[in-house]
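Structure assessment
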Amino acid sequence: MFMGKLHHYKTTIQWTGNRGEGTSGYRNYDRAHTISVENKAVINGSSDPAFMGDASRHNPEDLLLASLSSCHMLWYLHLCADNGIIVTAYTDNATGIMEENEQGGRFTEVTLHPLVMIKDASMIEKARELHAAANKKCFIANSCNFPVKHEASIQTTG
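Quick summary incoming for the structure in this document. (Residues numbered from 1 in each chain as written. Predicted model: local features only at pLDDT ≥ 70, side-chain atom pairs only at ≥ 80, totals over all residues. Heavy atoms only, no water.)

**Some thoughts on the packing of aromatic side chains**
Counted under the stated rule, the structure contains 5 aromatic pairs. Centre to centre, the rings of tryptophan 15 and tyrosine 29 are 6.1 Å apart; their planes meet at 80°, and the pair counts as edge-to-face. Of the two residues, tryptophan 15 is situated in strand β1 (residues 12-15) and tyrosine 29 in the loop between β1 and β2 (33-36); the sequence distance between them amounts to 14 residues. For tryptophan 15, a relative accessible area of 40% translates into the label partly exposed. For tyrosine 29, a relative accessible area of 18% translates into the label buried. (Phe/Tyr/Trp six-rings, centres within 6.5 Å; stacked < 30°, edge-to-face > 60°. Helix = DSSP H or I, 4+ residues; strand = E, 2+ residues; numbered from the N terminus. Buried < 20%, exposed > 50% of the residue type's maximum accessible area, 1.4 Å probe, protein only.)

**Considerations on the side chain of threonine 34**
Structurally, threonine 34 can be placed in strand β2. Threonine 34 sits in the buried class, given a relative accessible area of 16%. Apart from the residues lying within four places of it in its own chain, the contact partners of threonine 34 are Thr12, Ile13, Gln14, Thr16, Val42, Ile43 and Asn44. (Contact = heavy atoms within 4.5 Å.)

**Some thoughts on the sheet that holds strand β4 (residues 87-92)**
Read from one edge to the other, the open sheet built from 3 strands follows the order β4-β7-β9, with strand pairing classed as mixed. Either end of the sheet is taken by a strand with one partner, and the two such strands are β4 and β9 (153-156). Strand after strand, the sheet turns through a mean of 15° between neighbouring axes, direction not considered. Across 5 bridges, the pairing between β4 and strand β7 (residues 114-118) is antiparallel. (Pairing = 2+ DSSP bridges. Axes fitted to C-alpha atoms, helices over the stretch in contact; angles between N-to-C directions.)

**Comments concerning the pairing of β7**
Successive side chains on a regular strand alternate, one facing one side of the sheet and the next facing the other. With 4 of its 5 residues buried, β7 lies for the most part within the structure. One ladder, built from 4 bridges, connects β7 with β9; its direction is parallel. Looking at β9, one finds that methionine 117 is bridged to glutamine 155.

**Describing the packing of helix α1 (residues 60-82) against helix α2 (residues 124-137)**
At a minimum axis separation of 8 Å, α1 and α2 run at an interaxial angle of 125°. Relative to α2, α1 is oriented oblique. Like other packed secondary-structure pairs, α1 and α2 cross with a definite hand, here right-handed. Counted together, His72, Trp75, Tyr76, Leu79 and Cys80 of α1 and Ala127, Arg128, Leu130, His131, Ala133, Ala134, Asn135 and Lys137 of α2 form the full contact between these two elements. Looking at the contact of α1 with α2 residue by residue, the class counts come to 8 nonpolar, 3 polar and 2 charged. (Parallel < 35°, antiparallel > 145°, perpendicular 65-115°, else oblique. Left-handed = near helix turned anticlockwise from the far one by under 90°. Nonpolar A, V, L, I, M, F, W, Y, C, P; charged D, E, K, R; others polar.)

Below is the structure:
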């Protein structure tokens, strides 16, 4: 049985929101924290403003969407290169729905909305099909317990 190649990742999360009272009460501390990976830029994090977070900082929900969108894009570009499709631009405005309930909450779906520019109009249909293939290969999407949908728009440059 093929076990596959293992990849290891490490991040450091450091809470920076102690106002001097620690967590003595729900409203007595900030949700501010930093996300660090060795030799990479630090990301300032917080919770969603709905949970007393700082809207100017990235929250875990933002980062989940970004991870899904980025992973999909990278696989998509790889598959386009392998299939002779020249992509000249790619922008995704991903959206997600999170349901909050008594147990906490969970994402119920994410929809990627990539706008892809390609050189050759005869490759539009193949370019559209490769989104499904990219979804099947995306490590992050394969790790989720909710659907990751795609509403792609493919256009030609020039």
